[in-house]
Structures are given as C-alpha cells and as structure tokens.
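Take a look at the letters that make up each chain.
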Amino acid sequence: QAQLVESGGGLVQTGGSLRLSCAASQRTFNTYTMAWFRQTPGKERECVAAISRLDALRNAARNYADSVKGRFTISRDNAKNTGYLQMNNLKTEDTAVYYCAAGTGSVSNPKVRDYNYWGQGTQVTVSP
C-alpha cells in the first residue's frame, strides 16, 4: 500500500506562491491517478486538481477546479515517486488543509471515495 506524505504548506501573503509536495513510499504510486484535495472546517473536502499517470512521453491528463484554474499547476516526477502542486497568486480563499490522494479515481470527476491512499494533510494559510 502506498504511503503518502505531504509537505510544503505554510503561511503566505495574498499574491504569494507555495509548492506542495506529495512523496510516496513506493514507485507504484506512479501508476495511480493522483489528486489534491482541500478542506476547511465545516465544509466538504473538495478536489482542486488531478493528474493521470504519465505515459511513455511523460504526458498526462490534468483537471482543475474552476476556482484554481490558471493559478495552480499539478505535476509529478516518476523518478522521485513524488507529486506536486504549484500554487501561484494565492488568495485568502485558498486557506485550507491540503491532502494528496492516489488511487484509480477519475481525473475528470474526482471523488473522495474513489481514492484509496491519502496523506496526512498540510496546512496552507493565506493572509491578507
């Protein structure tokens, strides 16, 4: 079973950037769909980005929530068994705990229940 560990969260001002990392314990992670979800107290966990496995040419399908499109970029590095979420032009509305997830879930329609493996979460706080 893949074990996922997020890192890279922290405090940043509006307009700043952060890069989240999701390190997997085994290279089988590279065969799974990977997604980033976020959650704030009292709200449902929502998917902000998802990416398929890389093909032989290192291409992948990607999907983004409308709220982050154009600001966030999801990527992965098979050599490092690691996924990333580059977050630019951060807004206070982006404040949440961010979780990486892996499984056989859909890229186009990510659902929490379709992802079997989860990281512990990393806090992102965007201040005015």
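Residues numbered from 1 in each chain as written. Predicted model: local features only at pLDDT ≥ 70, side-chain atom pairs only at ≥ 80, totals over all residues. Heavy atoms only, no water.

What is the right way to read the overall build of the protein chain from this model?
A count of helices and strands for the protein chain gives zero helices and eleven strands. The order of helices and strands in the protein chain, counted from the N terminus, is β-β-β-β-β-β-β-β-β-β-β. Relative to the compact-globule value of 14 Å for 128 residues, the protein chain shows a C-alpha radius of gyration of 14 Å, a close match. Once the C-alpha set of the protein chain is aligned to its principal axes, its extents read approximately 40 × 30 × 25 Å. Buried residues in the protein chain amount to 45% of all 128 residues. In the protein chain, 61% of the contacts between residues at least 6 apart in sequence involve partners at least 24 apart. Carbon and sulfur atoms make up 44% of the accessible area of the protein chain, which amounts to about 6,800 Å² in all. (Helix = DSSP H or I, 4+ residues; strand = E, 2+ residues; numbered from the N terminus. Rg over C-alpha atoms; globule rule 2.2 N^0.38 Å. Buried < 20%, exposed > 50% of the residue type's maximum accessible area, 1.4 Å probe, protein only. Contact = heavy atoms within 4.5 Å. Areas by Shrake-Rupley, 256 points an atom, 1.4 Å probe, with all protein chains shown as cover.)

Explanation requested: the nonpolar core in the structure shown.
Looking at soluble globular proteins, one finds that nonpolar side chains tend to be buried together. Membership of the largest hydrophobic core comes to 29 residues, with the highest contact counts inside it found for Leu4, Trp36, Ile74, Leu85, Met87 and Tyr98. Elements that contribute at least two residues to this core include exactly strand E3 (18–24), strand E4 (33–39), strand E5 (46–51), strand E7 (72–77), strand E8 (82–87), strand E9 (96–103) and strand E11 (122–127). What isoleucine 74 contacts, discounting residues up to four positions off in sequence, is Met34, Ala35, Trp36, Ala49, Ala50, Ile51, Arg62, Tyr64, Tyr84 and Leu85. (Core = buried A, V, L, I, M, F, W, Y, C linked by side-chain atoms within 4.5 Å.)

How should the pairing of E7 be read in this particular structure?
Of the two faces of E7, the one lined by Phe72, Ile74 and Arg76 is fully buried and the one lined by Thr73, Ser75 and Asp77 carries no buried residue. With six bridges joining them, E7 and E8 adopt antiparallel strand pairing. Opposite phenylalanine 72, over in E8, you have methionine 87 as the bridge partner. The turn joining E7 and E8, which pair antiparallel and follow one another in sequence, is formed by four residues; a positive phi near 50° is taken by asparagine 81. (Pairing = 2+ DSSP bridges.)

How should I be thinking about the pairing of E5 in this particular structure?
Consecutive residues of a regular strand have side chains that alternate between opposite faces of the sheet. Taken across its six residues, E5 has five buried, putting it largely inside the fold. As paired strands, E4 and E5 are joined by five bridges and run antiparallel to one another. Paired with alanine 35 across the strands is alanine 50, a residue of E5. Hairpin connection of E4 to E5: six residues between the antiparallel strands, including glycine 42 at a positive phi of 80°. Note: E5 against strand E6 (residues 62–64), three bridges, orientation antiparallel. When the sheet's bridge partners are listed, alanine 49 is paired in E6 with tyrosine 64.

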